[in-house]
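# Coordinate inspection notes
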Amino acid sequence: MNNIFGVKVMEDYIRMCHDGVRQGWHERNGGNLTYRMKEEEVAECRPYFKREPGQWVKMGVKAENLKGEYFISTGSGKFLQNVGLEPQNSICIVEINEAGDSYRIVWGLENGGRPTSEFPTHFMNHSVRKRVTGGANRVIYHAHTPYVIALTYVLPLKSEVFTRMLWKSATECCVVFPGGVGVVPWMVPGGAQIAKATCALMEKYDAAIWAFHGLFVSGPDFDTAFGLMHTIEKAAQIASIALAATGGKPPRQVITDENLRDIGRDFGVTLNEEILNYASDDDLYC
Ligand code: 13P
Ligand code: ZN
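Residues numbered from 1 in each chain as written. Chains lettered and ligands numbered in written order. Predicted model: local features only at pLDDT ≥ 70, side-chain atom pairs only at ≥ 80, totals over all residues. Heavy atoms only, no water.

This part is about the pairing of strand β8 (residues 207–210). Alternating positions in β8 separate into two faces, Ala 207 and Ile 209 on one and Ala 208 and Trp 210 on the other, with burial throughout. Examined bridge by bridge, strand β7 (residues 182–184) and β8 share three bridges and lie parallel to one another. Residue pairing for β8: Val 183 is matched across the bridge by Ile 209. Note that the unit made of β7, helix α8 (residues 192–202) and β8 has a crossover that is right-handed. The pairing of β8 with strand β9 (residues 214–219) spans four bridges and is antiparallel. Counted as the bridge partner of Ala 208 is Phe 216 from β9. Hairpin connection from β8 to β9: three residues lie between these consecutive antiparallel strands, with Phe 212 at a positive phi of about 60°. (Buried < 20%, exposed > 50% of the residue type's maximum accessible area, 1.4 Å probe, protein only. Helix = DSSP H or I, 4+ residues; strand = E, 2+ residues; numbered from the N terminus. Pairing = 2+ DSSP bridges. Right-handed = clockwise from strand over helix to strand, strands pointing away.)

With that out of the way, let us pick up the environment of Val 9. Along the polypeptide, Val 9 turns up in helix α1 (residues 8–22). Val 9 gets classed as buried once you look at its relative accessible area, which sits at 5%. Note: C-alpha distance between Val 9 and Tyr 35 (26 residues apart in sequence) is 9.3 Å. Other than its neighbours up to four places away in sequence, Val 9 contacts Tyr 35, Met 37, Glu 41, Cys 45, Ile 72 and Phe 222. (Contact = heavy atoms within 4.5 Å.)

Next up on the list: helix α10 (residues 257–267). For α10, every residue scored as buried is listed here: Leu 260, Ile 263 and Gly 264. Along the axis of α10, the buried positions cluster into a sector of 100°, meaning they face one direction only. Facing away from the buried side of α10 by more than 90 degrees, the exposed set consists of Glu 258, Arg 265 and Asp 266. For α10, the elements touching its buried residues are α6 (159–167), α7 (173–176) and α11 (273–276). Just past α10, the residue Gly 268 takes up positive phi, approximately 70°. (Arc of directions from axis to C-beta.)

The subject of this paragraph is the sheet that holds strand β1 (residues 32–36). Ordered in space as β2-β5-β4-β3-β1-β6-β9-β8-β7, the nine strands form an open sheet in which the pairing is mixed. Looking along the sheet, the strands with just one partner apiece sit at the ends: β2 (57–58) and β7. With three bridges connecting them, β1 and strand β3 (residues 70–74) associate as antiparallel partners. From the neighbouring strand, Thr 34 faces β3, where its bridge partner is Ser 73.

A few words on the nonpolar core. Among the nonpolar cores identified, the biggest contains 88 residues, and Met 10, Ile 93 and Phe 123 are the most heavily contacted of them. Top contributing element to this core by residue count: helix α9 (residues 222–246), with ten residues. In contact with Met 10, other than residues within four places in its own chain, are Ile 4, Phe 5, Cys 45, Ile 72, Ile 91, Ile 93 and Trp 107. (Core = buried A, V, L, I, M, F, W, Y, C linked by side-chain atoms within 4.5 Å.)

Here we come to the pattern of salt bridges. Here the idea is simple: oppositely charged side chains can pair when their charged atoms come close. As enumerated under the stated definition, the model contains 16 salt bridges in all. Here Lys 168 makes a salt bridge to Asp 257, at a shortest N to O gap of 2.8 Å. Residue Lys 168 is found in the loop between α6 and α7, and its partner Asp 257 is found in helix α10; the two are separated by 89 residues along the sequence. Accessibility expressed as a relative area gives 12% for Lys 168, which makes it buried. Through salt bridges with shared partners, a single network forms among Arg 15, Asp 19 and Arg 22. (Salt bridge = Lys/Arg side-chain N within 4 Å of Asp/Glu carboxyl O.)

Applying the stated criterion across every chain yields a total of 13 aromatic pairs. Between Trp 25 and Tyr 141, the aromatic rings sit 6.5 Å apart at their centres with planes inclined by 50°, giving tilted as the arrangement. A residue pair is termed long-range when its members are at least 10 positions apart, and Trp 25 in the loop between α1 and β1 and Tyr 141 in strand β6 (residues 139–143) qualify at 116 residues. Ring centres 6.2 Å apart and planes at 25° place the aromatic pair Tyr 141 and Phe 226 in the stacked group. With Tyr 141 in strand β6 and Phe 226 in helix α9, this pair connects stretches of sequence that are 85 residues apart. Phe 226 carries the same exposure label as Tyr 141, and that label is buried. Taken together, the aromatic side chains of Phe 71, Tyr 103, Phe 119 and Phe 123 make up a single cluster linked through ring pairs. (Phe/Tyr/Trp six-rings, centres within 6.5 Å; stacked < 30°, edge-to-face > 60°.)

Protein-derived coordination of the zinc ion (ligand 2) comes from His 142 (NE2), His 144 (NE2) and His 213 (NE2), at a distance range of 2.1 Å. Positions of the donor residues of the zinc ion (ligand 2) along the chain correspond to the pattern H-x1-H-x68-H. Of this pair, His 142 sits in strand β6 while His 213 sits in the loop between β8 and β9, placing them 71 residues apart in sequence. Residue His 142 shares its accessibility class with His 213, and that shared class is buried. (Donors = N, O, S within 2.8 Å, 3.2 Å for Na, K, Ca; no water.)

Pasting the structure below:
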């Protein structure tokens, strides 16, 4: 290996960006990906770091449990479709300071730029997910998933309603996200308000839908986070097709609550009881 792109974590990160592009989730600069690096990965990448790191930049947010961490991030305004072609100009590695409130670029974005505009949101959500998963969570991924976005125009913007619709759209969904999916009402992207609202949901969910915007997921590794995004978006696609076919009326047959409980039992996963016990499916249809 004679450059940073031979380091496995960089290869995997770049591949995930490409996989999202192949799914059609990243028009223009839409979407962003951040990864909290392991110590050994930082050590592997360090020989390729800039001789002079960038200036410290205050984030306007602070997290005690992310002091001194290193993140790989997509650049703000950069196209994910260019990540594979020109990674050194599309992505960066940032170091967090000892106060946990500023970053500096130590590698990448060679033509200038800064981490994603959603970095403060990713950062605060990394902090929450690191805490609630005992350090296991390392990936935060945001994509403009068309069918999830479409559903936010037609379903009530409630976590219980979206989760039940998605669980009931394909048999194994409840195994992939047994805790459910949060829903954030429409907010301006990149601001403190959407960061806070998403953090509140990420205390209990590992995915949050942003109304009229897209999906925000977390996971311990690239495959798991990508798989969660993919599964939720595919369920939303099936739901959209079925709702369009019935004109929003209840379909002829559905996965029942009892079916969901049976899947949970046989697959050994605990489904979110609050969502299972949510009054009825009346909110799901016209
Ligand atoms: P960035 O280009 O700053 O990452 O913004 C893209 C996006 O999807 C904002 O929500
Ligand atoms: Zn976005």
